[in-house]
Amino acid sequence: MLLLVPVLRRKWMTPARFMLRVGTGSGRMKTAGLSTISRIVILMAVYFLGGIVGNVSSLGNGSIELVWPPFGIGLAAILLFGYRFWPGIFFGAVLFGVTSGQPLGYVMLGSAIGQTMGAIIGSYLLERFLQFRPDLARVRDVAGLAGLACLLGTPVTAVFSASSLVLSALRN
C-alpha cells in the first residue's frame, strides 16, 4: 500500500519525496525547533531502543543477532542529517552496552567505535560512489544501500568488535 502526502496544487507524492523536497537540496534534512544536542540525545535514545529490539530478537542465549536495527538507525541518521550526529550513535551503543551488562572497557568501547565507524563508512561509500539520494527512487540507490552500506559497512563493525575482544583477551 502506497502512502501519499498531499502537496500544494493537488499533487501527491510519497512521504520520502515530500521530505526531500523540504530538505536542503544536498540530501540533508531540515529540522526546526530542536538544537543539535537535543537531536543527538534523541538519536542516542532511538539507537538504544533499537539495540533492545535487536537483543530481544536474537537467537540462542542472546549472542547471535540476525538483524541489528541500530546499524540501520545509525546509517539513516548519518545519511539524512549529516556526519555531526555520530555522537548519538556512539553514546547509544555505550548506553546499550552498559545496560546489557558489559563492563566498561576495551570490548564495549571497541564495539561502540565499530558501530559508529560502520555507519560513517557506509554513509561515505554511498555518497562518494553513488551520489546516494535517500528517497530511494533509483535502482542504484536501493542496490547501493544493500551492497555498499550493508555488505561493506557491517564488516567494519565486526572487525572493531572482534579486535576489541582480542585486545581484551591479550590484556588479561
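Everything discussed here concerns the structure shown above.
Presented here is a report on the structure given in the accompanying data block. Note that the structure is a prediction, hence the values are computed from the model and not measured.

Turning to its location among the elements, Asp141 is positioned in helix H6 (residues 139–171). With a relative accessible area of 0%, Asp141 lands in the buried category. In this structure, Asp141 is in contact with Leu130, Gln131, Phe132, Arg133, Asp135 and Leu136, ignoring residues within four places of it in sequence.

The next subject is unusual backbone geometry. With phi around 50 degrees, Gln131 is a residue other than glycine that occupies positive phi space. Relative to the helices and strands, Gln131 is located in the loop between helix H5 (106–130) and H6. In this structure, Leu136 is a non-glycine residue whose phi angle is positive, near 55 degrees. As for its position among the elements, Leu136 is in the loop between H5 and H6.

Right, let's talk about the packing of helix H4 (residues 86–99) against H5 for a bit. In a pair of packed helices, the angle between the axes and the distance between the axes together describe the arrangement. Contact geometry of H4 with H5 gives a least axis separation of 9 Å together with a crossing angle of 145 degrees. Considering the relative orientation of H4 and H5, their crossing is right-handed. Along its contact with H4, which presents Trp86, Ile89, Phe90, Ala93, Val94, Gly97 and Val98, the element H5 presents Met108, Leu109, Ala112, Ile113, Gln115, Thr116, Ala119 and Ile120. Class assignment of the residues belonging to the contact of H4 with H5 gives a composition of twelve nonpolar, three polar and no charged.

Each value, and the rule that gives it
- Residues numbered from 1 in each chain as written.
- Predicted model: local features only at pLDDT ≥ 70, side-chain atom pairs only at ≥ 80, totals over all residues.
- Heavy atoms only, no water.
- Helix = DSSP H or I, 4+ residues; strand = E, 2+ residues; numbered from the N terminus.
- Buried < 20%, exposed > 50% of the residue type's maximum accessible area, 1.4 Å probe, protein only.
- Contact = heavy atoms within 4.5 Å.
- Axes fitted to C-alpha atoms, helices over the stretch in contact; angles between N-to-C directions.
- Left-handed = near helix turned anticlockwise from the far one by under 90°.
- Nonpolar A, V, L, I, M, F, W, Y, C, P; charged D, E, K, R; others polar.

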